[in-house]
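Structural features, examined
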Amino acid sequence: MKPLLTLLLLALSNNILAEPASNATTQTDLNNQELLTVPSDIAMGFSSQHMAFSSIEDSPVDIALDRTSLKVPFGKFEAFDNIFVPGFSIERMGFRFDDNDSNQAPPDTELYSVKLPLLYIKKLDEKWTRIINVTPSIHSDLEATDSETFSLMGLMLWKYNAGGPHSWIFGAGANRLFGEYLPIPMFSYAYSTQADTHYVLGFPASKAEHRFNQDWSLFSKLAPEGGNWRYNAQDDNNVNLSYKSWVATIGLRKNLTGKFWASFEVGQSFARKLELNDDASDSEFDVGNSNLILFSVGLHP
């Protein structure tokens, strides 16, 4: 299975990112350019995150979360003067409970988000680029199948290259990042002192990264993390589970080959809330802070 996955990742990355090099470009030039490039966000790959047990408000029960995800684009195409990148992603969020000998813990629960992102990128002129992402998705335990398990998430962003080291992104999106299906504003200011150092300050996410040699990159980030899922409870009643938090991490990336990197992060999840609601009741709980570790491997174009 692992060799097949590796071959799939390599084949897709070549299809998505292959660009013809100039005949005048030497291998030395390519190597020097690679030295100065900060890897972008992961476009394809696997990640696994684990959070330690922490307390739930007014409850003898503790909770821990495990999150695994796989993201795969299907290629890069030209369509109506846009770059079109369809893809697939699946995320598993595992909720584990410890009753601390109280016999009050609910059963462990596994919830899934299955998404089909459709990304459209259009360069409007030398300074402006428009980015549209439409994502049909399912959020459930794969047993609950009513209309509330489906959503159409998306975003529309404009990127403005102000010249030199400065660029701006602004727009809006609708997703379940803050525990409910909500529209949220998005904006950021990016500054690169050099090609090997990159800062992004914005909402909902900020980050900084410095690539200090061919093989290693150091980074940190602050971003929200959450979701909303529909699951089938023990009494055959469909229930909404909503989780939201903020996550701050610091990490290292190791270059594997080309644009493939392995990343390891440590950090903390805080400002956490857990909400359960059905037709009869609605309950919200504060959840204590938790340390976390995250490992990922994939393509960073």
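1. Concerning the overall build of the protein
- A count of helices and strands for the protein gives 2 helices and 18 strands.
- For the protein, with 301 residues in total, the buried portion stands at 39%.
- Contacts in the protein between residues at least 24 apart in sequence constitute 55% of all its contacts with a sequence separation of at least 6.
- With the model as given, the accessible surface of the protein reaches about 16400 Å², and the carbon-plus-sulfur share is 60%.

2. A short note on the packing of aromatic side chains
- Using the criterion set out here, one finds 12 aromatic pairs in the structure.
- Plain terms: the ring middles of Phe203 and Trp246 are 6.4 Å apart, the flat faces sit at 50° to each other, and that makes the pair tilted. Of this pair, Phe203 sits in strand S12 (residues 197-203) while Trp246 sits in strand S15 (residues 238-257), placing them 43 residues apart in sequence.
- The class for Phe203 is partly exposed, based on a relative accessible area of 28%.
- Overall, the relative accessible area of 24% leaves Trp246 in the partly exposed class.
- By way of ring pairs, the aromatic residues Trp128, Trp158, Tyr160 and Phe170 are connected into one cluster.
- Directly above the ring of Phe219 sits Arg253, whose terminal nitrogen or CZ lies 3.9 Å from the centroid.
- When the ring centre of Trp216 is taken as origin, the NZ or CZ atom of Lys254, which lies over that ring, is 5.8 Å away.

3. A closer look at the environment of Ala162
- Mapped onto the elements of the fold, Ala162 is located in strand S9 (residues 150-163).
- Using a relative accessible area of 34% as the deciding quantity, one classes Ala162 as partly exposed.
- Once the C-alpha coordinates of Ala162 and Glu126 are considered, the two residues, 36 residues apart in sequence, prove to be 10.0 Å apart.
- Not counting residues within four places of it along the chain, the set of residues in contact with Ala162 comprises Lys127, Ser167 and Trp168.

4. Some details on the pairing of S12
- Inspection of the sheet shows strand S11 (residues 182-194) paired to S12 by 6 bridges, in the antiparallel sense. What sits directly across from Tyr189, in S12, is Leu201.
- Looking at chain direction, S12 and strand S13 (residues 206-211) are connected through 4 bridges and run antiparallel. If you follow Thr197 over to S13, its bridge partner there is His210.
- Counting the residues between successive antiparallel strands, the hairpin from S12 to S13 contains 2 residues.

5. Notes on the pattern of salt bridges
- In this structure the tally under the stated criterion is 10 salt bridges.
- Here Lys207 makes a salt bridge to Asp41, at a shortest N to O gap of 2.6 Å. Within this pair, whereas Lys207 is found in strand S13, its partner Asp41 is found in the loop between helix H2 (27-35) and strand S1 (44-51), the two being separated by 166 residues in sequence.
- Judged by its relative accessible area of 32%, Lys207 is partly exposed.
- Here Arg96 ties to Asp66 by a salt bridge, and the two come within 2.7 Å at their closest N and O atoms. Residue Arg96 is found in strand S5 (residues 82-98), and its partner Asp66 is found in strand S3 (residues 62-73); the two are separated by 30 residues along the sequence.
- The class for Arg96 is partly exposed, based on a relative accessible area of 30%.

6. Describing a nonpolar patch on the surface
- On the surface, a nonpolar cluster with roughly 790 Å² of combined accessible area is contributed by Phe212, Trp216, Leu218, Ile250, Leu252, Phe264, Val266, Ile293 and Phe295.
- Elements represented by at least two residues in the nonpolar patch include exactly strand S14 (216-232), S15, strand S16 (260-277) and strand S18 (290-299).
- In this structure Phe212 comes out as partly exposed when scored by relative accessible area, which is 45%.

7. Brief notes about the pairing of strand S10 (residues 166-175)
- Judged from the 9 bridges that link them, S9 and S10 form a sheet pairing that is antiparallel. Paired with Met156 across the two strands is Ala172, which belongs to S10.
- A loop of 2 residues connects S9 with S10, the two strands running antiparallel in sequence, and Gly164 in this loop sits at a positive phi of about 65°.
- Remark: 6 residues form the turn of the hairpin made by S10 and S11, two consecutive strands paired antiparallel; Gly179 in that turn has positive phi of roughly 90°.

8. Regarding the side chain of Asp141
- In this fold, Asp141 is placed in the loop between strand S8 (128-140) and S9.
- One buried charged residue, Asp141, remains without a salt bridge, the closest side chain of opposite sign being Arg230 at 8.6 Å.
- One polar contact links the side chain of Asp141 to the main-chain amide nitrogen of Glu143, over a distance of 2.9 Å.
- Reaching out from Asp141, the side chain makes a polar contact with the backbone nitrogen of Ala144 at a distance of 2.9 Å.
- Other than its neighbours up to four places away in sequence, Asp141 contacts Glu110, Leu111, Tyr112, Arg230, Tyr231 and Asn232.

Conventions adopted
- Residues numbered from 1 in each chain as written.
- Predicted model: local features only at pLDDT ≥ 70, side-chain atom pairs only at ≥ 80, totals over all residues.
- Heavy atoms only, no water.
- Helix = DSSP H or I, 4+ residues; strand = E, 2+ residues; numbered from the N terminus.
- Buried < 20%, exposed > 50% of the residue type's maximum accessible area, 1.4 Å probe, protein only.
- Contact = heavy atoms within 4.5 Å.
- Areas by Shrake-Rupley, 256 points an atom, 1.4 Å probe, with all protein chains shown as cover.
- Phe/Tyr/Trp six-rings, centres within 6.5 Å; stacked < 30°, edge-to-face > 60°.
- Lys NZ or Arg CZ within 6 Å of the ring centre and 35° of its normal.
- Pairing = 2+ DSSP bridges.
- Salt bridge = Lys/Arg side-chain N within 4 Å of Asp/Glu carboxyl O.
- Patch = residues over 30% accessible without salt bridge, like charges linked within 9 Å, V, L, I, M, F, W, Y side chains within 5 Å.
- Lys, Arg positive; Asp, Glu negative; His and termini not counted.
- Polar contact = N/O pair within 3.5 Å; in protein donor to acceptor, adjacent residues only side chain to side chain.

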